[in-house]
Amino acid sequence: MGRLVGKVAIVTGAARGIGAGIVERLVEEGAAVVLGDARADLGAATAARLGAVFCACDVAREADVAGIVALTVERFGQLDAFVQNAGIFPMHDVEDIPVEEWDRVLAVNLRGCFLAAKHALPIMKRQRGGRLVFTSSITGPRVVPPQHAHYAASKAGINGLIRAVALEAAPFGITVNGVEPGNIMTEGVQTERSPEYIAAMQASIPMGRLGSVRDVANAVLFLVSDEAGYVTGTTIVVDGGQILPESRA
Ligand SMILES: NC(=O)c1ccc[n+]([C@@H]2O[C@H](COP(=O)([O-])OP(=O)(O)OC[C@H]3O[C@@H](n4cnc5c(N)ncnc54)[C@H](O)[C@@H]3O)[C@@H](O)[C@H]2O)c1
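Described below are features of the structure shown in this document.

Cut-offs and rules
- Residues numbered from 1 in each chain as written.
- Predicted model: local features only at pLDDT ≥ 70, side-chain atom pairs only at ≥ 80, totals over all residues.
- Helix = DSSP H or I, 4+ residues; strand = E, 2+ residues; numbered from the N terminus.
- Rg over C-alpha atoms; globule rule 2.2 N^0.38 Å.
- Buried ≥ 20, exposed ≤ 12 C-beta atoms within 10 Å, placed from the backbone.
- Contact = placed C-beta atoms within 7 Å.
- Core = buried A, V, L, I, M, F, W, Y, C linked by C-beta atoms within 7 Å.
- Near = placed C-beta within 6 Å.
- Expected span 1.5 Å × (residues − 1).
- Pairing = 2+ DSSP bridges.
- Right-handed = clockwise from strand over helix to strand, strands pointing away.

## Here's the deal with the overall build of the protein chain
Helix and strand content of the protein chain: eight helices and seven strands. Taking 18 Å as the expected radius of gyration for a compact globule of 249 residues, we find that the protein chain reaches 17 Å, a close match to that expectation. For the protein chain, the C-alpha atoms occupy an extent of roughly 50 × 35 × 35 Å along the three principal directions. For the protein chain, with 249 residues in total, the buried portion stands at 49%. Taking as baseline every contact in the protein chain between residues at least 6 positions apart, the subset at least 24 positions apart corresponds to 70%.

What follows is the structure, given as structure tokens:
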């Protein structure tokens, strides 16, 4: 307890699921947290429950991302960590992906991380320190199930973005990293994926269970903590060993 006392963090895509788990974990450790989400009703309720400040924010929109950074600095006078976690994961075979859906997945998942970096970095450079953490995925960077072409492209793109931004930010004492969750049981997975899909994923995980939001939040906590000060440009895989098997036997 208390590892983040005096720190101020933004967590986006946090009305529910992994993001809400990250907010809970950072608040537990003493951080002041601004919770951003495109869903105002649920976001405000989650923020109130977890002791965070809510700010309506669609991470695909530059004005919204600039707005959540401005609100945070106005309210708390500093910004120590920006965790861009918002992501969407519709499924279609490649030839059936509407161009609008392709664009939206890239806009939320990948552009959202770029906008977080673009608007947090000027503040963090002034402070001579800060942490950017993006929620990537094992899907794209390591493995891929069918019907995830746009999602996989967006998450592989995040890993490239992490390295590019980390290089530019390093001289200012700012670290840029990501987490790559495997299959984590969240509201989004429960509503967007079939029970058969979830059962097949569970069967493929050496640890025999889907991950919890806390499993991911603990990795994010490390990356935003002082202990991770010399870790940059990389990702932590949080997947119960899911990417390890060389064969199905
Ligand atoms: N759950 C998993 O198995 C899993 C695995 C790997 C990666 N991820 C990634 O973790 C992140 C969170 O996933 P989850 O399972 O918790 O999802 P979820 O659907 O349960 O929650 C996502 C939250 O993001 C919000 N959101 C969606 N679009 C937004 C936007 N444009 N701007 C701001 N907020 C927005 C939603 O309102 C929701 O509150 C995503 O980036 C996802 O790709 C999830």
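## Details of the nonpolar core
The biggest cluster of nonpolar side chains holds 71 residues, and the ones touching the most others in it are Ala9, Val11, Val23, Val33, Leu132 and Val220. If one sorts the elements of this core by residue count, helix 4 (residues 99–127) sits on top with ten residues. Those residues in contact with Leu132 that lie beyond four places of it in its chain are Phe82, Ala116, Ala117, Ala120, Val165, Ile174 and Val176.

## Comments concerning the site of the ligand
Near the ligand lie 29 residues; those nearest to it are Gly13, Gly17, Gly87, Thr186 and Gly188. For the shell around the ligand, the secondary structure elements donating two or more residues are helix 1 (17–28) and helix 6 (187–192).

## Here's the deal with helix 4
Taking 1.5 Å per residue, 29 residues should reach 42 Å; helix 4 reaches 40 Å between its end C-alpha atoms and fits that length. At the C-terminal side of helix 4, Arg128 shows a positive phi close to 60 degrees.

## Observations concerning the pairing of strand 2 (residues 32–37)
With six of its six residues buried, strand 2 lies for the most part within the structure. By the alternation rule, side chains of strand 2 split into Ala32, Val34 and Gly36 and Val33, Leu35 and Asp37, which are all buried. Relative to strand 2, strand 1 (residues 8–12) runs parallel, the two being bridged by five bridges. Looking across to strand 2, one finds that Val8 is bridged to Ala32. Handedness of the crossover joining strand 1 and strand 2 through helix 1 is recorded here as right-handed. Relative to strand 3 (residues 53–56), strand 2 runs parallel, the two sharing four bridges. If you follow Asp37 over to strand 3, its bridge partner there is Ala56. Crossover handedness for the path strand 2 to helix 2 (residues 40–50) to strand 3: right-handed.

## Description of helix 1
Over its twelve residues, helix 1 runs 17 Å from end to end, which matches the ideal 16 Å to within 8%, given 1.5 Å per residue. Among the twelve residues in helix 1, ten count as buried, and that is most of the element. Considered for burial, the residues of helix 1 that qualify are Gly17, Ile18, Gly19, Ala20, Gly21, Ile22, Val23, Glu24, Arg25 and Leu26.

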